[in-house]
Amino acid sequence: MTAAASARQILLRLTEVMASRMHAQAKLDQVVEIIGECLTSEVCSIYLLREGMLELFATRGLNQSAVHVTRMAIGEGLTGAIAQKVETLNLAEAKAHPDFQYRPETGEEKFHSFAGVPIVYRERAVGVLCVQHVEPRRYEEVEIEALQTTAMVLSELIANAELIDEEQARGLTAEMTGPQTLTGLTLVKGLGAGVAVYHQPRVEITQVMAEDIEAERQRVYRAFDKMREQIDTLASQAEFGVGGEHEEVLETYKMFAYDEGWSRRINEAIDAGLTAEAAIERVQQHTRMRMREIDDPLLADRMHDLEDLANRLLRIVAGQVGTAASQGLRKDAILIARNLGPAELLEYDKRRLKGVILEEGSLTAHVVIVARAMNVPVIGRTKGVRTTIREGDEILLDATAGNAIIRPLPQVADAFQTRFAKSREKQAAYASLRDVEPFTRCGTRIQVMMNAGLRDDMSALAMTGADGVGLFRTEFQFLVSATLPQRERQTRLYRDVLDAAGDKPVIFRTVDIGGDKSVPYLASEIAAQDENPAMGWRALRLALEREGLMKIQARALLEAAAGRSLYVMFPMVSEPWEFDAAKQVFDEQLAFLRAQKKLLPERINFGAMLEVPALAEVLDMLLPRLSFLSIGTNDLTQFLFAADRANPKLAERYDWLSPSILRFLRRVMQNSVGSGVDIGVCGEMGGRRLEALALLGIGYRRLSITPAAVGPIKELVRKVDLAELTAAMNGWLLSPTGSLREQLSAWADARDIEYD
Ligand code: PEP
Ligand code: MG
């Protein structure tokens, strides 16, 4: 018999029983008989959750006296393990399994083989359905599939028969899974509390049994078509990093999306009588089980991709297409996603977004930079998210420590709130440094500027007392717009920013799109060109060649700065002529405005970013052209180490305190001495305390950093004696043994300097 046919046969008979007017207990008694008979299994038992324990509710084959007597805690024995992990077990010899627990009252000693599946209701295990056999053999695939299908239907039938009270199930199962802690990599420090919100909301399956099998088939058929279309579109834009999806992942998506086996299994589950949604979920449960048995980390990654895709398919079938942002956040929330694009993050309501948990992510990915600017704590590379966190769960995120407590106990939540209050106090202490100028102990004034990108960010200037905006990422406006921002809109933004800054300087960086910064309206052009977007047609390269882009921005900046000082910085300059070409665009626009007798900026200062290592070799050619140079350590380090800044697998591999980076940066500083060009650092590196120490120690006197770091860095600066620090750094860099992290930490400890 095919899996579908045997499952259908069971389902038809089950439905009859459940629809009858029998008492609930009598129904369950019949159910185990039917399943046992159809699967020719000597034992079939149903355990259901009652008062937090799994209780044997009905059995065929075990001692009847054990019914309502045998009870297992969640996690106890094979049944408990199935409920806890919400996974299927299929064992030829039950006793050989480490979780096996013998219960004499059941009389199960004569049975060898064992298979059990969780009965899941609203994403939580509310019971277990299991079969046992005398003969020691694993159950066949078709039998397991039939069991899984049956369990799905059972959950609905059991709920309808009020054998599980929905409210109680929620309460009990919340207690059942209890508090859990997940750990991840600190991407943006801070504390946050809120309810779990999945960026891609998960679909709750409300109807399991199909009313019209043909209609369900059609629904799945159409959903597959649509999903394939979506994946193809994504793949064609992949080089541009749309939504943070990487090429490798998309390849896997594609493979699964077109996998005949997958769609066939879903169709078989529909044939067995399930709705499209239930069928997709059923097949997914089965795949999950098989993948776990294989226990291969590479396959686990692929499983992750398949989960994503199955979720996508489910959302299409259920007509729930938007992200959580489109539905709006109703409470304080901790957002959960595999990965996000910066624009996607910006769609969320800042007031309600209290934290982000990413399954991937890396320190210098733009989404993380945006989160840092929004002051939203983030952890990344978090394992076990989907099996632990359910939509709506309460979460305490301690991104500083790199962990998240899911469903915390009240006393833990209280302690967290106390820490929260303390951290706010600390923030307040930093705020008190607002008007204190950052002089070192030896009396050198360090420029501590902040990075910004949105109009809203400007309020941080007054709050932190930063010396100005050392990097204004103008592309953020492009990222949050559905279409290319018109000149008037650009001018308005730049003018507002300058107004907000008052006397303090703002360094506007011309657009840096491409790489992991995606804009839909340019995607097709870029995708067609680039196989390796970070090193591709991005930033200045794109802006110079795309007719109008740079011109319009130049005009917008010149007009916005009429009557005041303008600082313009070009990103990704790789050779000096590119700087000249960019500057020329400004000169032309300036000439145009002059001819129009428009009010011009009082003074224009042009600068470049040093992000491409090649530029460091031609500083003698470049520096005479500039009034300032800013080192973008995010890009620079990705190029120095040939390590994609957005690749989560490389997120922890290389250290900013490695001798290669520090020697490189020191050499740049040394080669610039006497040029009169103001040199600073504007990458994320400068906002971290040990890294900032290192930069001060190799000669840097201007840092532009994320606003939240301004207070901590000012505090640090005040404790430093530069001569002493420089001597130490030079000593360590003379014959390093590896990263300088240890030496610098010890140095900071000895001077009572706090670091991260
Ligand atoms: C950098 O690359 O260090 C930098 C500051 O620019 P962005 O992070 O925007 O690429
Ligand atoms: Mg950069």
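Because the structure is predicted, anything quoted here is derived from the model rather than measured. (Residues numbered from 1 in each chain as written. Chains lettered and ligands numbered in written order. Predicted model: local features only at pLDDT ≥ 70, side-chain atom pairs only at ≥ 80, totals over all residues. Heavy atoms only, no water.)

Here we look at the site of ligand 1
Lining the immediate environment of ligand 1, one finds 16 residues, of which Arg473, Arg509, Glu611, Asn634 and Arg645 sit closest. Within the side chain of Arg473, a nitrogen or oxygen atom sits 2.7 Å from an oxygen atom of ligand 1. Between ligand 1 and Asp635 there is a distance of 3.0 Å, counted from an oxygen atom to a backbone nitrogen or oxygen. Computed on the free molecule, ligand 1 has an accessible area of 290 Å², of which 100% lies beneath the protein chains in the complex. When contributions to the shell around ligand 1 are tallied by element, the ones reaching two or more residues are α13 (366-374), β16 (469-473) and α25 (633-640). Taken together, the residues that form the shell around ligand 1 break down as 4 nonpolar, 5 polar and 7 charged. (Near = heavy atom within 4 Å. Polar contact = N/O pair within 3.5 Å; in protein donor to acceptor, adjacent residues only side chain to side chain. Areas by Shrake-Rupley, 256 points an atom, 1.4 Å probe, with all protein chains shown as cover. Helix = DSSP H or I, 4+ residues; strand = E, 2+ residues; numbered from the N terminus. Nonpolar A, V, L, I, M, F, W, Y, C, P; charged D, E, K, R; others polar.)

Observations regarding the domain arrangement of the protein chain
Note on interface size: it is often stated as the accessible area lost on association of the parts. Segmenting the protein chain into domains produces domain 1 (3-174), domain 2 (178-201 + 324-419), domain 3 (213-318) and domain 4 (436-750). Computed from C-alpha coordinates alone, the two centres of domain 2 and domain 4 are separated by 28 Å. Taken together, the contacts link 18 residues of domain 2 with 22 residues of domain 4. A buried area of about 1900 Å², summed over both sides, lies between domain 2 and domain 4, and 60% of it is on carbon and sulfur atoms. Taken together, the links from domain 2 to domain 4 amount to 2 salt bridges. With its nearest N and O atoms 2.1 Å apart, the salt bridge here joins Glu684 to Arg372. Taken together, the connections running from domain 2 to domain 4 amount to 2 residue pairs in polar contact (both at pLDDT 80 or more). Breaking the side of domain 2 that touches domain 4 down by element, the ones donating at least two residues are α12 (342-346) and α13. For the side of domain 2 that touches domain 4, the element with the most residues is α13, which contributes 5 residues. Of the residues contributing to the side of domain 2 that touches domain 4, the split by class is 9 nonpolar, 5 polar and 4 charged. (Domains from an automatic or database assignment. Contact = heavy atoms within 4.5 Å. Buried area = accessible area lost by both parts, 1.4 Å probe. Salt bridge = Lys/Arg side-chain N within 4 Å of Asp/Glu carboxyl O.)

Concerning the packing of aromatic side chains
Evaluation of the coordinates by the stated rule reveals 10 aromatic pairs. Here Phe570 and Phe606 contribute two aromatic rings whose centre-to-centre distance is 6.1 Å and whose plane-to-plane angle is 20°, an arrangement assigned as stacked. Here Phe570 is found in strand β18 (residues 565-570), whereas its partner Phe606 is found in strand β19 (residues 603-610), with 36 residues between them in sequence. Assessed through its relative accessible area of 8%, Phe606 is described here as buried. (Phe/Tyr/Trp six-rings, centres within 6.5 Å; stacked < 30°, edge-to-face > 60°. Buried < 20%, exposed > 50% of the residue type's maximum accessible area, 1.4 Å probe, protein only.)

Digging into the pairing of strand β17 (residues 506-509)
Of the two faces of β17, the one lined by Val506 and Phe508 and the one lined by Ile507 and Arg509 are each fully buried. By the bridge criterion, 3 bridges tie β16 to β17 in an arrangement that is parallel. Within β17, the residue paired with Phe472 across the bridge is Phe508. Pairing between β17 and β18: 3 bridges, direction parallel. Its bridge partner being in β18, Ile507 is matched across the sheet by Tyr567. (Pairing = 2+ DSSP bridges.)

Here we look at the coordination of the magnesium ion (ligand 2)
The protein atoms donating to the magnesium ion (ligand 2) are Glu611 (OE) and Asp635 (OD), with metal-donor distances spanning 1.9 to 2.1 Å. Within this pair, whereas Glu611 is found in the loop between β19 and α23 (613-616), its partner Asp635 is found in helix α25, the two being separated by 24 residues in sequence. Glu611 sits in the buried class, given a relative accessible area of 2%. (Donors = N, O, S within 2.8 Å, 3.2 Å for Na, K, Ca; no water.)

What to know about the side chain of Glu611
Although buried, Glu611 forms no salt bridge, and the nearest oppositely charged side chain, Arg509, lies 4.5 Å from it. From its side chain, Glu611 meets the backbone nitrogen of Met572 in a polar contact 2.7 Å long. (Lys, Arg positive; Asp, Glu negative; His and termini not counted.)

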